[in-house]
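These are the residues of each chain, in order.
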Amino acid sequence: MKREHCHSSATASQNNSKPEYSSPPSSALNGKAKIWVDEQGYSGSGGMDELLAVLGYKVRTDDMADVAEKLEQLEMVMGSAQEDGISQLSDTVHYNPSDLSGWVQSMLSELNTGEDMPSINGPLLAPGESSTRTSTKFCNSQRTRVFNDDSEYDLRAIPGVAAYPPAHSSSETESTRKRLKTSIGSNSGGIEVSGAVSDPTRPLVLVDSQETGVQLVHTLMACAEAVQQENLKVADALVKHVGLLAAAQTGAMRKVATYFAEALARRIYRIYPQDCLDSSYSDILQMHFYETCPYLKFAHFTANQAILEAFATATRVHVIDFGLKQGMQWPALMQALALRPGGPPAFRLTGIGPPQPDNTDALQQVGWKLAQLAETIGVEFEFRGFVSSSLADLEPSMLDIRQDEAVAVNSVFELHGLLARAGAVDKVLSSIKAMKPKIVTIVEQEANHNGPAFLDRFTEALHYYSSLFDSLEGSSGPSQDLVMSEVYLGRQICNVVACEGGDRVERHETLTQWRGRMDSAGFDSVHLGSNAFKQASMLLALFAGVDGYRVEENNGSLMLGWHTRPLIVTSAWKLASSTE
Amino acid sequence: MHQNQNTSSQDSKEKRPKFFINDHIDILVEILKRLDGPSLGVAACVCHLWSTVARNDTIWEHLCFRHVSSPPPCSVRHVVVALGGYKRLYRVCMRPVLSRLSDSDMVKRVWTRDEIQLSLSLFCVDYYERSGRLGAGGGGDASASSLMFLCNTVNV
């Protein structure tokens, strides 16, 4: 962002004669300066740059590129230094501040020779690893230093396999600092992995975004590790750096990094997001998510297919929906029931939802809409809504389950929240059993975001949401939908990373874990048939232009994923047939 | 000579009765029933009469189920009509679904039951969204946003 600002100020400088610089123009000057020199061809007053001269700086036009480079380096250095570091600069007296080139150079050399300075080598935060990365350039100049190990700013001290590969000799550590593709005056003893020698006079360009992409991931990981070890100052420095690196990225990577950085910052500063946000707001967000990408549609269609097959011969059916929201799942089911050979059954729906802050009866409104639809297509319909802040508060007796009806229980992304409270999920599962359902359909995220260690959860979540955001990138709907979907996912990220205890409700678990839980609770798996698979595949094929989605069958459950990564799973269950 | 031409043209006129398609709506309907979607759309632009005829839902019903291997059950018509009619079904669901899912010429291929079921489900979702959106009346033609993904152009 700083760069953009400089950019605009640099462009402004070309238009006005009296530009205002609030920060030293850095990279923006670089490209512009060269053009300028060519176009200007002006060499008044000893070849000094005219515009800067107006401000009071004397810089030779020939030196412009060089000065720009140095300013860039200075910016990087100052950007990552802590405040203590900058105050050290005040010791030097600058006699000729109009000699921009001179004082920048002296600042740089001063920062290099300062004692007990934090390691301020630009993106030093990225641990140097990379035996696998052959394109990395390593420059060991006078600026890289070995600092005291007990300095809290010595970020090399962050241990961990996450950040560094284990076998690392100390001599390598100093020199294997990853750098921007910059060149600094002298490359004394530079160690280069790639064959190319960095050209000292090459003008600065923006960082290679692929390099910063990898740096970004590593910085995030290092930050998470620091957080896990309660090393909050280091984490703070790192999280700020993530912001800098993220700005150099584009697309999904940038968004994911931004959300994760924000969540980490919240965790560090203990500014926890309010969890009592309006549930209608989260419903709206989920609607946008529904419209942008196929995950929820997939969930609905596959669950409906399982329910339809279970209800094949029933004349009265009762569906209990653990999270009614806008009721988007049920029109399709009602339509399929209406066109069932032999006519539709009597359809009863019980919808469960959280309490509304403004006391509107959202459930009844949805029920009313569904009732209108039912009347239109000729299905006998009955609706009941239950307001409950937690599924564990529900008692099966409240639901008035009648003798002659076939019951289905449907839960889309509702069960993982129960894991935040001890015993809640077991209570709910036993309630489900008491309802004697013919089928239980469960849709959950396929990820383990509920491990005991923060770093593991963080890593998992980073991979999961990266894939998810990636899949959203190709979506070609209205951009507002996309933004809202991202906000929806961003809130989940925030919850996984920043919250703890009862507040952390996004406790996703993998299919294997859910299977274990269901099996021990007394449920048998029901295989989703080929109809569900076909419908799901067709549905995905409809999402034009985005061909990364994959439907996979996993022992009777259907998984929807992006390329090789499964993201959500639909599974169906029935009561274990031991008692009857 | 002038007179000769007149009499000869008059003779030919008398021998051939005038035929005006607009006088025979039933034949027009039969012809339109056999057109494909885009052609039907073009036909609807010919004149007021054709436009009215083309709006006839049975023509679109024929279009929707023309290439189905087995005829749909009669209950389907009631549901489809209630949800907005065959013309809308074709425009909003079936045409995009089929054009996305088939590589070859859409007209000739046989539509599978699954595709029809999927189209009908999406159609129902469309109705539900519209009915929720238009609390106080409004254009029934607004396409539901959850089906927007169907309207997007395909990268061939």
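These figures come from a predicted structure and were not determined experimentally. (Residues numbered from 1 in each chain as written. Chains lettered and ligands numbered in written order. Predicted model: local features only at pLDDT ≥ 70, side-chain atom pairs only at ≥ 80, totals over all residues. Heavy atoms only, no water.)

Together, B:F19, B:I27 and B:I31 make up an exposed nonpolar region whose accessible area comes to about 290 Å². Judged by its relative accessible area of 35%, B:I27 is partly exposed. (Patch = residues over 30% accessible without salt bridge, like charges linked within 9 Å, V, L, I, M, F, W, Y side chains within 5 Å. Areas by Shrake-Rupley, 256 points an atom, 1.4 Å probe, with all protein chains shown as cover. Salt bridge = Lys/Arg side-chain N within 4 Å of Asp/Glu carboxyl O. Buried < 20%, exposed > 50% of the residue type's maximum accessible area, 1.4 Å probe, protein only.)

Our next topic: helix 11 (residues 279-292) of chain A. Between the first and last C-alpha of helix 11 of chain A there are 20 Å, a value that for 14 residues agrees with the 20 Å anticipated at 1.5 Å per step. For helix 11 of chain A, a buried count of 10 out of 14 residues is recorded, marking the element as mostly surrounded by other parts of the structure. (Helix = DSSP H or I, 4+ residues; strand = E, 2+ residues; numbered from the N terminus. Expected span 1.5 Å × (residues − 1).)

If you check UniProt for "domain: F-box" (unreviewed entry), the listed places come out as residues 25-63 of chain B in our numbering. Structurally, residues 25-63 of chain B is divided into 77% helix and 0% strand, and its ends, taken at the C-alpha atoms, are 18 Å apart. (UniProt positions renumbered as here; feature names shortened; annotations may be inferred.)

All names here are of chain B. Across the interface, helix 5 (residues 57-65) lies against helix 7 (residues 86-101) with an axial gap of 7 Å and an inter-helix angle of 40 degrees. Comparing their axes, helix 7 and helix 5 come out oblique. In this structure, helix 5 contributes D57, W60, E61, L63, C64 and F65 to the contact, and helix 7 contributes Y86, K87, L89, Y90 and M94. Across the contact of helix 5 with helix 7, the residue classes tally to eight nonpolar, no polar and three charged. (Axes fitted to C-alpha atoms, helices over the stretch in contact; angles between N-to-C directions. Parallel < 35°, antiparallel > 145°, perpendicular 65-115°, else oblique. Contact = heavy atoms within 4.5 Å. Nonpolar A, V, L, I, M, F, W, Y, C, P; charged D, E, K, R; others polar.)

Residue and element names in this part refer to chain A. Counting 136 residues, the largest nonpolar core has F260, Y295, F347 and F458 as the members making the most contacts within it. Of all the elements, helix 16 (residues 454-473) adds the most residues to this core, at 10 residues. Counting residues in each nonpolar core, the second largest holds 26 residues, with I352, A392, M435 and W514 among its members. (Core = buried A, V, L, I, M, F, W, Y, C linked by side-chain atoms within 4.5 Å.)

The next point concerns the confidence of the model for chain B. All names here are of chain B. Confidence in the prediction of chain B, expressed as mean pLDDT, is 74, and 68% of residues score 70 or more. No element of chain B has a lower mean pLDDT than helix 1 (residues 2-15), at 54, and none a higher one than helix 4 (residues 48-54), at 88. The ipTM for the predicted assembly is 0.74, set against a pTM of 0.67. (pLDDT = per-residue confidence, 0-100.)

Moving on: the pattern of salt bridges. Residue and element names in this part refer to chain A. With the rule as written, the count across this model stands at 22 salt bridges over all chains. Here R266 and E262 are joined by a salt bridge, their closest N and O atoms 3.3 Å apart. Here the residue R266 and the residue E262 both occupy positions in helix 10 (residues 251-269), the gap between them amounting to four residues, near one helical turn. On the basis of relative accessibility, which here comes to 24%, the residue R266 falls in the partly exposed class. When salt bridges that share partners are traced, they join R348, E382, D400, R402 and E405 into one network.

Residue and element names in this part refer to chain A. Here T302 is to be found in helix 12 (residues 295-310). At 2.6 Å, the side chain of T302 and the backbone oxygen of F298 are in polar contact. Beyond its immediate stretch of four places on either side in the chain, T302 contacts L528, A532, A536, L558 and T570. (Polar contact = N/O pair within 3.5 Å; in protein donor to acceptor, adjacent residues only side chain to side chain.)

Residues and elements named next belong to chain A. When you line up the elements, S467 lands in helix 16. Judged by relative accessible area, which is 13%, S467 ranks as buried. For S467, the contacting residues outside a window of four places in its chain are W562, R565 and L567.

The next thing to look at is the packing of aromatic side chains. Scanning the model with the defined rule gives 12 aromatic pairs over all chains in all. When the ring of A:F260 is compared with that of A:F458, the centres are 5.4 Å apart and the planes differ by 80 degrees; the resulting orientation is edge-to-face. Here A:F260, found in helix 10, pairs with A:F458, found in helix 16; they are 198 residues apart in sequence, far enough to count as distant. Assigned by exposure class, A:F260 and A:F458 land together as buried. Between B:F65 and B:Y86, the aromatic rings sit 5.7 Å apart at their centres with planes inclined by 85 degrees, giving edge-to-face as the arrangement. Taken together, the residues span a long stretch of sequence, with B:F65 in helix 5 and B:Y86 in helix 7 at a distance of 21 residues. Here B:F65 and B:Y86 have matching classes, each one buried. Of the aromatic side chains, those joined through ring pairs into one cluster are A:F260, A:F454, A:F458, A:Y464 and A:Y465. Across the ring face of A:Y290, the terminal group of A:K297 is positioned such that the distance to the ring centre comes to 4.7 Å. When the ring centre of A:W514 is taken as reference, the NZ or CZ atom of A:R517 above it lies at 5.0 Å. (Phe/Tyr/Trp six-rings, centres within 6.5 Å; stacked < 30°, edge-to-face > 60°. Lys NZ or Arg CZ within 6 Å of the ring centre and 35° of its normal.)

Attention now goes to the confidence of the model for chain A. Residue and element names in this part refer to chain A. Averaged over all residues, the pLDDT of chain A is 74; the fraction at 70 or higher stands at 69%. Taken element by element, chain A is modelled with least confidence in helix 7 (residues 170-175), mean pLDDT 35, and with most confidence in strand 5 (residues 439-445), mean pLDDT 95. Within the model, pLDDT remains below 50 along residues 1-45, and this stretch shows 53 contacts once partners closer than five positions in the same chain are excluded. Under a pLDDT of 50 for its full length, residues 114-203 has, in the predicted model, 172 contacts with residues more than four places off or in other chains.

Note on placement: A:L528 falls in the loop between strand 6 (523-526) and helix 19 (530-541). The spatial distance from the C-alpha of A:L528 to the C-alpha of A:A306 is 6.1 Å, given a sequence separation of 222 residues.

All names here are of chain A. In this fold, V379 is placed in the loop between helix 14 (362-377) and strand 3 (381-387). The class for V379 is buried, based on a relative accessible area of 6%. It is 8.6 Å that separates the C-alpha atoms of V379 and Q335, two residues lying 44 residues apart in sequence. Contact partners of V379, with chain neighbours within four places excluded, come to M334, A338, P344, P345, F347 and A374.

Residue and element names in this part refer to chain A. Here six bridges tie strand 7 (residues 549-554) to strand 8 (residues 557-562), and the two strands are oriented antiparallel to one another. Bridging across to strand 8, R550 finds its partner in G561. Here strand 7 folds back onto strand 8, and the loop between the two strands holds two residues, one of which, N555, carries a positive phi near 55 degrees. (Pairing = 2+ DSSP bridges.)

Attention now goes to unusual backbone geometry. Residue and element names in this part refer to chain A. At D400, a residue that is not glycine, the phi angle is positive and equals roughly 55 degrees. Tracing the sequence through the fold places D400 in the loop between strand 3 and strand 4 (406-412). Unusually for a residue other than glycine, K436 sits at a positive phi of about 50 degrees.

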